[in-house]
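Survey of secondary and tertiary structure
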Amino acid sequence: DAGVTQSPTHLIKTRGQQVTLRCSPKSGHDTVSWYQQALGQGPQFIFQYYEEEERQRGNFPDRFSGHQFPNYSSELNVNALLLGDSALYLCASSLAWVAGGAETQYFGPGTRLLVL
Amino acid sequence: AQSVTQPDIHITVSEGASLELRCNYSYGATPYLFWYVQSPGQGLQLLLKYFSGDTLVQGIKGFEAEFKRSQSSFNLRKPSVHWSDAAEYFCAVGARGGSQGNLIFGKGTKLSVKP
């Protein structure tokens, strides 16, 4: 059973550029969440996608956008990159609705983005 | 505001010694509680979770955690640490009911293990 996969593993961009990160959820999962983990910090929630719509959003600017495809995979797009966007971007998948609301998120290995 | 505090940034223990990592949370109600572990350059692996019922939960790799409502704590423990346990540990809380996209994480505790 494949877990959550992300691509690419590493990426180097320059300020002002745009980047797209990709995530395939764990088999059977229908919900994808994205997190940003800056160096030395815990992950911070960016947004969550379910049924191809953004369902929840954290405190991130509109430069961060996403998409979910019919096969539940997802993309995270960041426009006008800033130095501060350098971080590990983690994707997590889960089932949206579980009896008792007790679903668990499973994380991928992440994409490390460096903005120069 | 909802928050998670992990008071210890870095802990060093000897192999075979016991371990306790602290986690305190601030939340409007009883949240769902999680501990994740992250090895260098890796994603997060779920160690254990508390949703309801017995306040002492068992996880993988011999870890356990105890939910104490009165202290708003969810400390992680292991009776005997192995060198392979060296990693960073994150405590997280999630909302009850419905989708839990917005997990709130602490800043993590880095565990080093002395031979």
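Structure's up top.
Residues numbered from 1 in each chain as written. Chains lettered and ligands numbered in written order. Predicted model: local features only at pLDDT ≥ 70, side-chain atom pairs only at ≥ 80, totals over all residues. Heavy atoms only, no water.

Quick look at the pairing of strand E12 (residues 109–114) of chain B
All names here are of chain B. Stated precisely, the cut-off is as follows: Only protein chains enter the accessibility calculation, which uses a 1.4 Å probe. A residue is then buried if its area is under 20% of the maximum for its type, exposed if over 50%, and partly exposed in between. What counts as a helix is a DSSP run of H or I of at least four residues, what counts as a strand is a run of E of at least two, and both are numbered from the N terminus. For two strands to be treated as a pair, DSSP must find at least two bridges joining them.
Burial of the side chains of E12 is restricted to one face: Thr109, Leu111 and Val113 are buried, whereas none of Lys110, Ser112 and Lys114 on the reverse face is. Here 3 bridges tie strand E10 (residues 87–94) to E12, and the two strands are oriented antiparallel to one another. Each bridged residue has a counterpart across the sheet, and for Glu88 the counterpart in E12 is Lys110.

As for the interface of chain A and chain B
Short version of the rule: We call two residues in contact whenever any of their non-hydrogen atoms come within 4.5 Å of each other. Summed over both partners, the accessible area (1.4 Å probe) lost when two parts come together is defined as the buried area. Here, a salt bridge means any Lys or Arg side-chain nitrogen found within 4 Å of an Asp or Glu carboxyl oxygen. For the purposes of these results, a polar contact is taken to be a pair of N or O atoms within 3.5 Å, where, inside protein, one atom must be able to donate a hydrogen and its partner to accept one; residues adjacent in sequence count only when each atom of the pair is a side-chain atom. Note on residue classes: Ala, Val, Leu, Ile, Met, Phe, Trp, Tyr, Cys and Pro are nonpolar, Asp, Glu, Lys and Arg are charged, and everything else, Gly too, is polar.
Taken together, the contact between chain A and chain B spans 23 residues of the former and 22 residues of the latter. Between chain A and chain B lies a buried interface of about 1800 Å² when both sides are counted; carbon and sulfur atoms form 50% of it. For the chain A face of the interface with chain B, the top three residues by lost area are A:Glu103, A:Thr104 and A:Phe107, together amounting to 23%. Between the two partners, chain A and chain B, sit 0 salt bridges. One can count 4 residue pairs in polar contact (both at pLDDT 80 or more) joining chain A with chain B. Only strand E4 (31–37), strand E5 (44–50) and strand E9 (87–94) of chain A provide two or more residues apiece to the side of chain A that touches chain B. By residue number, the principal contributor to the side of chain A that touches chain B is E4(A), which donates 3 residues. In terms of residue class, the side of chain A that touches chain B is built from 10 nonpolar, 12 polar and 1 charged.

Looking at unusual backbone geometry
All names here are of chain A. For the bond from Ser7 to Pro8, the omega torsion is -10°, close enough to zero to count as cis. By secondary structure assignment, the location of Pro8 is in the loop between strand E1 (5–7) and strand E2 (10–13). A positive phi is found at Tyr72, a non-glycine position, where the angle reads about 80°. Phi at Ala80 takes a positive value of approximately 45°, unusual for a residue other than glycine. Topologically, Ala80 is positioned in the loop between strand E8 (74–78) and E9. Ala80 gets classed as partly exposed once you look at its relative accessible area, which sits at 38%.

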